[in-house]
Amino acid sequence: MNVLNFVQAFFSDSAHWHGYDGIPSRFLEHVRYTLLALAVAAAIGLPVGLLTGHTGRGGNAIAVVANAARALPSFGLLVLSVLLIGFGLLPVMIPLVVLAVPPILVTTYEAVRTVDPAPVDAARGMGMPESGVLFRVEVPVALPLILSGLRSAVVQIVSTATIAAYVSLGGLGRYVIDGLYQRNYEKVVGGATLVAVLALITLALFRAVERFTVSPGVRRR
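All residue numbers here refer to positions counted from 1 along the written sequence of the relevant chain. The model is predicted, so local features are restricted to residues of pLDDT at least 70 and side-chain atom pairs to those at 80 or more, both for listing and for counting; the totals for chains, interfaces and linings are taken over all residues. To obtain the side-chain values, all non-hydrogen atoms of the structure were included, while hydrogens and water were left out.

1. Looking at the overall build of the protein chain
Inclusion rule: Strands here are runs of E lasting at least two residues and helices are runs of H or I lasting at least four, both read from the DSSP assignment and numbered beginning at the N terminus. Remark: exposure states derive from per-residue accessible area (1.4 Å probe, protein chains only) relative to the maximum for the residue type, with buried under 20%, exposed over 50%, and partly exposed in between. Residues are treated as being in contact if the distance between any of their heavy atoms lies within 4.5 Å. Exposure was quantified through the Shrake-Rupley algorithm and a 1.4 Å probe, taking into account, for residues, occlusion by the shown protein chains and nothing else. The convention is simple: Lys and Arg are positive, Asp and Glu are negative, and His and the chain ends are not counted. Lysine's charge is taken at NZ, arginine's at CZ, aspartate's at CG and glutamate's at CD.
Counting its secondary structure elements, the protein chain contains ten helices and zero strands. Oriented by its inertia axes, the alpha-carbon framework of the protein chain measures out at about 65 × 40 × 25 Å. Classification of the 221 residues of the protein chain by burial places 46% in the buried group. Partitioning the intrachain contacts of the protein chain with sequence separation of at least 6 by distance along the chain shows that 75% fall at a separation of at least 24. Per element, the accessible surface of the protein chain, about 11700 Å² overall, is 66% carbon and sulfur. Averaging the coordinates of the 16 positive side-chain charges in the protein chain and doing the same for the 11 negative ones gives two points 3 Å apart.

2. Topic: the environment of Val197
Note that Val197 resides in helix 9 (residues 185-213). Owing to a relative accessible area of 36%, Val197 belongs among the partly exposed residues under this scheme. Between the C-alpha atoms of Val197 and Val158, which are 39 residues apart in sequence, the distance is 10 Å.

3. With respect to the packing of helix 2 (residues 23-55) against helix 7 (residues 130-160)
What counts is decided by this rule: The axes are straight lines fitted to the C-alpha atoms, using for helices just the contacting stretch, and the angles between their N-to-C directions are given from 0 to 180°. By definition, any crossing whose near helix is turned counterclockwise from its far helix by less than a right angle is left-handed, and any crossing with a clockwise turn is right-handed. Each residue gets one label: Ala, Val, Leu, Ile, Met, Phe, Trp, Tyr, Cys and Pro are nonpolar, Asp, Glu, Lys and Arg are charged, and the others, such as Gly, are polar.
With their axes 10 Å apart at the nearest point, helix 2 and helix 7 run at an angle of 145° to one another. Once helix 2 is placed against helix 7, the crossing between them reads as right-handed. Each of His30, Thr34, Ala37, Leu38, Ala42, Leu46, Leu50 and His54 in helix 2 lies in contact with helix 7, whose residues at this interface are Glu130, Val133, Leu134, Phe135, Glu138, Val139, Ile146, Leu150, Val154, Ile157 and Val158. Looking at side-chain class alone, the contact of helix 2 with helix 7 contains 14 nonpolar, three polar and two charged residues.

4. Describing helix 4 (residues 74-85)
Note the cut-off: Under the convention used throughout, the expected extent of a helix is 1.5 Å for every residue step, that is, one less than its residue count. The arc in question is the one spanned by the directions pointing from the helix axis to the C-beta atoms.
Taking 1.5 Å as the rise per residue, helix 4 with twelve residues should run 16 Å; its terminal C-alpha atoms sit 16 Å apart, in good agreement. Within helix 4, burial applies to Ser74, Leu77, Leu78, Ser81 and Val82. When helix 4 is viewed along its axis, its buried side chains cluster within an angular range of 140° and face the same direction. Structural note: helix 4 exposes Leu83 and Leu84 on the side pointing more than 90 degrees away from its buried face. Packed against the buried residues of helix 4 are helix 5 (89-113) and helix 7. In the stretch just after helix 4, Gly86 is the one whose phi turns positive, near 105°.

5. Re unusual backbone geometry
Look at Ser168: it is not a glycine, yet its phi comes out positive at around 70°. Position of Ser168 among the secondary structure elements: in the loop between helix 7 and helix 8 (173-182). The exposed category is assigned to Ser168, whose relative accessible area is 62%.

6. Structural notes on the packing of helix 5 against helix 7
Stated formally: Roughly parallel means an angle under 35 degrees; roughly antiparallel means over 145; roughly perpendicular covers 65 to 115; every other angle is labelled oblique.
Relative to each other, helix 5 and helix 7 sit at 155°, their axes nearing to 8 Å. On the basis of their axis angle, the class for helix 5 and helix 7 is roughly antiparallel. In this structure, the crossing between helix 5 and helix 7 has a hand that is right-handed. Considered class by class, the residues forming the contact of helix 5 with helix 7 number 14 nonpolar, seven polar and one charged.

7. Description of the packing of aromatic side chains
Quick reminder of the rule: Pairing of aromatic rings covers Phe, Tyr and the six-membered ring of Trp, with a centre-to-centre limit of 6.5 Å; geometry is then stacked below 30 degrees between planes, edge-to-face above 60, and tilted otherwise.
Per the stated rule, a full pass over the model turns up four aromatic pairs. Arranged with centres 5.3 Å apart and planes meeting at 80°, the rings of Phe10 and Tyr175 form a pair that is edge-to-face. Of this pair, Phe10 sits in helix 1 (residues 3-12) while Tyr175 sits in helix 8, and the two are 165 residues apart along the sequence. On the accessibility criterion, Phe10 (0% relative accessible area) is buried. Ring geometry for Phe11 and Trp17: centres 6.3 Å apart, planes at 50°, overall tilted. Connected via pairs of aromatic rings, a cluster forms that spans Phe10, Phe11, Trp17 and Tyr175.

8. With respect to the environment of Thr108
Looking at where Thr108 falls in the secondary structure, it is placed in helix 5. Using a relative accessible area of 0% as the deciding quantity, one classes Thr108 as buried. Separated by 55 residues in sequence, Thr108 and Gly53 have C-alpha atoms that sit 7.3 Å apart. Look past the residues within four positions of Thr108 in its chain and what remains in contact with it is Leu46, Gly49, Leu50 and Ile146.

Interpretation in functional terms is not warranted from these geometric data alone.
Printed below as a string of structure tokens:
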């Protein structure tokens, strides 16, 4: 059987659409892991990136931290987290957050730093406070790049959250791991296809968010 036949066989099997191991249940579990990891990573990366980008300080430290985090293998970090903490959701969140913080942090920093200094200086000359300069001048202009960092992070989380299945959690990785163990390649291909579909849905959602949140004048830049 080729890949398309595996995909057709997986999705046409009614048993895959019901129960705790059904596609809707596993899909929602994967989305939950993704949203939780993204929320934590954004809570870390966005404030630090905005602050350092606005002040222009800490750029070298951000580069070092981001490169170090990118060099860490997600699966190895998962195993280490399980050994130190035990099984559960927290050991899964650690490698996902570590994976997602660098693109958010670096892109946010670069987005703010590349804002045209002329309107920034004009805002300061008018007596606008630094918080106003950041959120009313710099962030609206930097928003497309900031969203691109979030988009990159969430796509990486979606593809990597399959590791949750290695520690007996759910998500779409359950099909891949169980399928490999059972030598059921319909499951493996079906699970991989669902992960790819979720990644494409995520990209489409971010396109929609950018369309409705970014000023048309900024989008045309």
